[in-house]
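Letter by letter, the chains look like this.
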Amino acid sequence: MRSLKKFLFRDSGPAALADDVRAALDAWRAVPEPRFDDLHFHTRYVVVDIVSTGFDPGSDALLGIAACSVERGVLHPDGALFIDLRPENADPAAVDRQLAAFLLFLAKAPLVTYHVSYVGGFLKRVFRERLGIDFEPAWIDLAWLLPSMFEERSHQLMPLDQWLELFGLDGGEGRRDAMANTLLLARIFQMLLVRAVGKQIDTAARLVEESRASTFLRRTH
């Protein structure tokens, strides 16, 4: 376990990065910020999930990242990306290149996941320690937002599998991989966008704000 964490997380900040990685980071920094006040139909969202050795971003290791685009309200499985970060499948230089490619894939779009504290915590740490990036995207947290948007189904925080059952989505038997989870989250997010428009939450900015408000209110009450 110790060698795995050392592989992904450096103790003293990013080492010298390869020229192509630095060029990719410069290209990502130059990407203009999207218009969060556009309607959902004109906004590209990216749904993200991860695989890790545990649930603590401070002590456990990141093993993989999966992402797919929801653009114009449509799921684009061909616009999907999976990064395998298990040390037996890549050397450290390859990991840096994959992480830089992931940033370019995101292109500063608002991100959607289930439990930002878990997913975002691991991503923030790995980008800081490997690439020297302060990773602070706009997050939409389905774990806290779904009970606010679908109160008639449940007003409580629930495991993802229970939401899949409520929405009639087949999650399969046993543990799913990160990409399968991401595609299921994307399908739930499509349903949430329809509900959000009906509640006058019709832009990315309003949806991000609603997600933050739901997270704060449900954690403090």
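Criteria and cut-off values
- Residues numbered from 1 in each chain as written.
- Predicted model: local features only at pLDDT ≥ 70, side-chain atom pairs only at ≥ 80, totals over all residues.
- Heavy atoms only, no water.
- Helix = DSSP H or I, 4+ residues; strand = E, 2+ residues; numbered from the N terminus.
- Buried < 20%, exposed > 50% of the residue type's maximum accessible area, 1.4 Å probe, protein only.
- Contact = heavy atoms within 4.5 Å.
- Areas by Shrake-Rupley, 256 points an atom, 1.4 Å probe, with all protein chains shown as cover.
- Pairing = 2+ DSSP bridges.
- Core = buried A, V, L, I, M, F, W, Y, C linked by side-chain atoms within 4.5 Å.
- Salt bridge = Lys/Arg side-chain N within 4 Å of Asp/Glu carboxyl O.
- Axes fitted to C-alpha atoms, helices over the stretch in contact; angles between N-to-C directions.
- Parallel < 35°, antiparallel > 145°, perpendicular 65-115°, else oblique.
- Left-handed = near helix turned anticlockwise from the far one by under 90°.
- Phe/Tyr/Trp six-rings, centres within 6.5 Å; stacked < 30°, edge-to-face > 60°.
- pLDDT = per-residue confidence, 0-100.

K.L.:
Please give an account of the overall build of the protein chain that cites residues and values.
P.N.:
Helix and strand content of the protein chain: 8 helices and 5 strands. Each helix (α) and strand (β) of the protein chain, taken in turn from the N terminus, gives the series α-α-β-β-β-α-β-α-β-α-α-α-α. Counting only residues that meet the buried cut, the protein chain has 49% of its 221 residues in that class. Put simply, of all contacts in the protein chain between residues at least 6 apart along the chain, 72% involve residues at least 24 apart. Taken as a whole, the protein chain presents about 10,900 Å² of accessible surface, with 52% of it coming from carbon and sulfur.

K.L.:
Describe the pairing of strand β1 (residues 44-52), naming the residues involved and giving the relevant values.
P.N.:
β1 sits mainly inside the fold: 7 of its 9 residues count as buried. With 9 bridges connecting them, β1 and strand β2 (residues 62-71) associate as antiparallel partners. Residue pairing across strands places V47 opposite C68, the latter belonging to β2. Bridge analysis of β1 against strand β4 (residues 111-113) gives 2 bridges, and the strand direction is parallel. By the bridge assignment for β4, V47 is matched with V112.

K.L.:
Give me the lowdown on the nonpolar core, citing residues and values where you can.
P.N.:
By size, the foremost hydrophobic cluster in this structure holds 34 residues, and its most contacted members are V48, I65, L123, F127, L131 and F135. At the level of secondary structure, the elements contributing two or more residues to this core comprise α2 (19-30), β1, β2, α3 (92-106) and α4 (116-131). The dominant element in this core, judged by the number of residues it contributes, is α4, at 8 residues. By size, the runner-up hydrophobic cluster in this structure holds 33 residues, among which are V112, L192, A204 and V208.

K.L.:
Quick rundown of the pattern of salt bridges? Include the residues and the values.
P.N.:
Pairs can form between side chains of opposite charge whenever their charged atoms are close. Per the stated rule, a full pass over the model turns up 12 salt bridges. R97 serves as the salt-bridge partner of D20, at 2.6 Å between the closest nitrogen and oxygen. In this pair, D20 sits in helix α2 while R97 sits in helix α3, placing the two residues 77 residues apart along the sequence. Residue classification places D20 among the partly exposed residues on the basis of a relative accessible area of 39%. A salt bridge links D26 to R29; the nearest nitrogen and oxygen atoms lie 3.3 Å apart.

K.L.:
How would you summarise the environment of K108 if you had to cite specific residues and measurements?
P.N.:
Residue placement: K108 occurs in the loop between α3 and β4. Considering only alpha carbons, one finds K108 and P34, 74 residues apart in sequence, at a separation of 7.0 Å. If near-sequence neighbours (up to four positions away) are discounted, K108 is found in contact with W28, R29, V31, P32, E33, P34 and F36.

K.L.:
Lay out the packing of helix α5 (residues 142-149) against helix α7 (residues 178-198) with the relevant residues and their values.
P.N.:
α7 packs onto α5 with a crossing angle of 40 degrees between their chain directions and a minimal axis gap of 11 Å. As judged from the angle between their axes, α5 and α7 are oblique. By crossing handedness, the relation of α5 to α7 is classed as left-handed. Counted together, L142, L145, L146 and M149 of α5 and L185, I188, F189, L192, R195 and A196 of α7 form the full contact between these two elements.

K.L.:
Can you tell me about the packing of aromatic side chains, naming the residues and giving the values?
P.N.:
Counted by the stated rule, this structure contains 7 aromatic pairs. On the numbers, 4.9 Å between centres and 70 degrees between planes, the contact of Y45 with F189 is edge-to-face. With a gap of 144 residues between them, Y45 in strand β1 and F189 in helix α7 connect regions that are remote in the sequence. Given the relative accessible area of 0%, F189 is considered buried.

K.L.:
An account of the confidence of the model for the protein chain is needed here, citing residue identities and associated values.
P.N.:
For the protein chain, the average pLDDT comes to 89, and 89% of its residues sit at 70 or higher. Within the protein chain, no element has a lower average pLDDT than helix α1 (residues 2-8), which sits at 52, and none a higher one than β4, at 98.

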